[in-house]
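Observations on the model geometry
The primary structure of each chain is shown beneath.
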Amino acid sequence: MDFKVPNTLAEQIANYLAERIMTGQIQPGKRIQEATLATELKVSRASVKEALYTLERWHLVEITPRKGASASKLDAEHASELYDVYMHLLMMLAVRLCERWQDSDRERVMAVVSRAVKQMQTPSADITAVVEASFEVMEACCDLVGNPYLTEALTNFKPAVSRAYYLSAERYRHGLTQTSQFFTRLPQAVLARDVEQAQALIREFAEHQKVMIQKALSSS
């Protein structure tokens, strides 16, 4: 059994707030008062402050000098900027994966992809389960590539991207057929070491997701 260090109090607070921000319980732009939150959760302000710095790294909170913290903005323009950067990180991951995967990795890659596709093809798919399964694919690929800087960058984007999915859940649900097709075709390109095809699939899919989320945010 692997040894796992328990989450610190600050990490627990960060995860608690992240879930509330991602699911829209804390709306974009809403102030997060350190003192109020510390009293509510019965923790120290120092732990809350540390948690807010973590959320800032996850792109869920903006901290402004002399004004404090607030849930970061997420309108159509911000979603576009978010997806542009995330797309290029995924394309970099695909390039490294095409270069570095070994025959012994094939079974692991296909197993995690299969679980994700199964979630997407489930009638009345649960968006939370789909999003988590999608990120499990990304995390497995990061592990195989073994670039700690790329892994950290993608991990820090996970909460913000998840938030975009949750706030456009119904549109995302209706696009799951295309999503499952993407997750089926991309591994084929990677296993064939076809870098150009892998990047083209990511670009096409990311652009489609970006437009979908922009429409959802514009109409909300």
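Structure: above.
Description of the structure in this document. (Residues numbered from 1 in each chain as written. Predicted model: local features only at pLDDT ≥ 70, side-chain atom pairs only at ≥ 80, totals over all residues. Heavy atoms only, no water.)

Let us now look at the sheet that holds strand β3 (residues 68-71). Pairing is antiparallel in the open sheet, where three strands are placed in the order β1-β3-β2. Looking at which strands have only one partner, the edges of the open sheet turn out to be β1 (31-32) and β2 (61-64). Both β1 and β3 contribute to a ladder of two bridges, which runs antiparallel. Bridge pairing in β3 links R31 to S70. (Pairing = 2+ DSSP bridges. Helix = DSSP H or I, 4+ residues; strand = E, 2+ residues; numbered from the N terminus.)

Attention shifts here to helix α2 (residues 34-41). Of the positions making up α2, those classed as buried are E34, L37 and A38. Down the axis of α2, the sector holding all buried residues measures 100°, keeping them to one side. Within α2, the exposed residues directed more than 90 degrees away from the buried face are T36 and T39. Where α2 is buried, its residues contact α1 (9-22), β1 and α3 (45-57). (Buried < 20%, exposed > 50% of the residue type's maximum accessible area, 1.4 Å probe, protein only. Arc of directions from axis to C-beta. Contact = heavy atoms within 4.5 Å.)

Tracing the sequence through the fold places R163 in helix α7 (residues 148-167). Of the buried charged residues, R163 lacks a salt bridge, with E62 as the closest side chain of opposite charge at 7.5 Å. (Lys, Arg positive; Asp, Glu negative; His and termini not counted. Salt bridge = Lys/Arg side-chain N within 4 Å of Asp/Glu carboxyl O.)

If you walk through the whole model with that rule in mind, you get zero disulfides. No disulfide involves C98; its nearest neighbouring cysteine sulfur is the one of C141, lying 9.8 Å away. Not engaged in a disulfide, the cysteine C141 finds its nearest cysteine sulfur in C142; these two sulfurs lie 7.2 Å apart. (Disulfide = S-S within 2.5 Å.)

Relative to β3, β2 runs antiparallel, the two being bridged by four bridges. By the bridge assignment for β3, E62 is matched with S70. The hairpin turn running from β2 into β3, its antiparallel successor, is three residues long, and R66 in that turn takes a positive phi close to 70°.

Turning to the packing of aromatic side chains, a few remarks are in order. A full pass over the atoms with the stated rule returns five aromatic pairs. Relative to F157, the ring of Y86 has its centre 6.3 Å away and its plane inclined at 35°; by these criteria the two rings are tilted. A residue pair is termed long-range when its members are at least 10 positions apart, and Y86 in helix α4 (residues 76-100) and F157 in helix α7 qualify at 71 residues. For Y86, a relative accessible area of 7% puts it in the buried group. (Phe/Tyr/Trp six-rings, centres within 6.5 Å; stacked < 30°, edge-to-face > 60°.)

A separate point is the pattern of salt bridges. For side chains of opposite charge, pairing can occur when their charged atoms come near one another. Taken as a whole and assessed by the stated rule, the structure comprises nine salt bridges. A salt bridge links K210 to D84; its shortest N-O distance comes to 2.8 Å. Taken as a pair, K210 in helix α10 (residues 195-219) and D84 in helix α4 lie far apart in primary sequence, 126 residues in all. Across the salt bridge formed by K158 and E132, the nearest N and O atoms sit 3.6 Å from each other. Placement of the pair is K158 in helix α7 and E132 in helix α6 (residues 127-145), with a sequence separation of 26 residues. Among the residues examined, E132 registers a relative accessible area of 33% and is labelled partly exposed.

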